[in-house]
Amino acid sequence: MLVVGQIFRAHGVRGEVVVDVRTDAPAERFAVGSVLVTDSTAVRHLQTVPAGAWRPPPTLTVESVRPHQGRLLVVFEGIYDRNLAEDMRGVLLCVDSATIPASDDPDEFNDHELVGLDVVDAAGERVGELLRIDHAPAHDLLVVRLTDGRIGLVPFVREIVPEVDVPGRRIVITPPEGLFDL
């Protein structure tokens, strides 16, 4: 699954939610009629909800969408109440990664294409495995499980990541001195 957004909070009293967008194609992913898969495993307050209580449905269909202060305001079919909308706070909105075509640009990658690749240094020595990509405001960060079990963050910029070889299942990095010393 590929995360395309996260429900931030309820907005208003008619079930509208504020969505933090995590995709380069929000108009495509959040078009009216789009069906998104929900992932609420990371939402703490939903983990303590008693059995039989309301939980977000496994899929949500976009009924309406509009931009709002750098985010989207979305109404999903069947969610017309502020309380239901508020219960969805923190839910991740996903699409099946198999439905995402590969990019024609050799320097552009979808997150799911890179997760699990080996991270090696310029000499070919294994540094670790890519766990995920965090999309930060300045630039993306590669989250790498280092060979000693620690987690390292690598800025995803050409100076530090000169080569991404998806068919070869590896990412080459040239980390600056001390990058993993913290």
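Residues numbered from 1 in each chain as written. Predicted model: local features only at pLDDT ≥ 70, side-chain atom pairs only at ≥ 80, totals over all residues. Heavy atoms only, no water.

## Digging into the packing of aromatic side chains
Then, in step 1: Enumeration over the complete set of coordinates arrives at 0 aromatic pairs.
Then, in step 2: Above the ring of F8, the side-chain terminus of R71 is found at 3.8 Å from the ring centroid. (Phe/Tyr/Trp six-rings, centres within 6.5 Å; stacked < 30°, edge-to-face > 60°. Lys NZ or Arg CZ within 6 Å of the ring centre and 35° of its normal.)

## Quick look at the sheet that holds strand β2 (residues 16-21)
Then, in step 1: Taking strand neighbours around the barrel as the criterion, the 6 strands line up as β1-β2-β5-β4-β3-β6 in a closed arrangement whose pairing is antiparallel. Strand after strand, the sheet turns through a mean of 45° between neighbouring axes, direction not considered.
Then, in step 2: In terms of strand pairing, strand β1 (residues 2-11) meets β2 through 6 bridges, oriented antiparallel. Among the inter-strand pairings, R9 is bridged to a residue of β2, identified as V18. (Pairing = 2+ DSSP bridges. Helix = DSSP H or I, 4+ residues; strand = E, 2+ residues; numbered from the N terminus. Axes fitted to C-alpha atoms, helices over the stretch in contact; angles between N-to-C directions.)

## Examining the nonpolar core
Then, in step 1: F76 and L93 are the most contacted members of the largest nonpolar core, which totals 20 residues.
Then, in step 2: Those elements giving two or more residues to this core turn out to be β1, β2, β4 (59-68), β5 (71-76) and β6 (92-95).
Then, in step 3: Each residue touching L93, except ones within four places of it in the same chain, is listed here: L2, V3, V4, G5, I7, V19, F30, L36, V37, T38, L60 and F76.
Then, in step 4: L117, I133, L146 and I173 belong to the second largest nonpolar core, which has 15 residues in total. (Core = buried A, V, L, I, M, F, W, Y, C linked by side-chain atoms within 4.5 Å. Buried < 20%, exposed > 50% of the residue type's maximum accessible area, 1.4 Å probe, protein only. Contact = heavy atoms within 4.5 Å.)

## Notes on the environment of R170
Then, in step 1: As for its placement among the helices and strands, R170 is situated in strand β12 (residues 170-173).
Then, in step 2: The exposure class assigned to R170 is partly exposed, which follows from its relative accessible area of 28%.
Then, in step 3: Sequence separation between R170 and L114 is 56 residues, and the spatial gap between their C-alpha atoms is 8.4 Å.
Then, in step 4: Excluding residues within four positions of it along the chain, R170 makes contact with L117, D118, V120, E163, V164 and D165.

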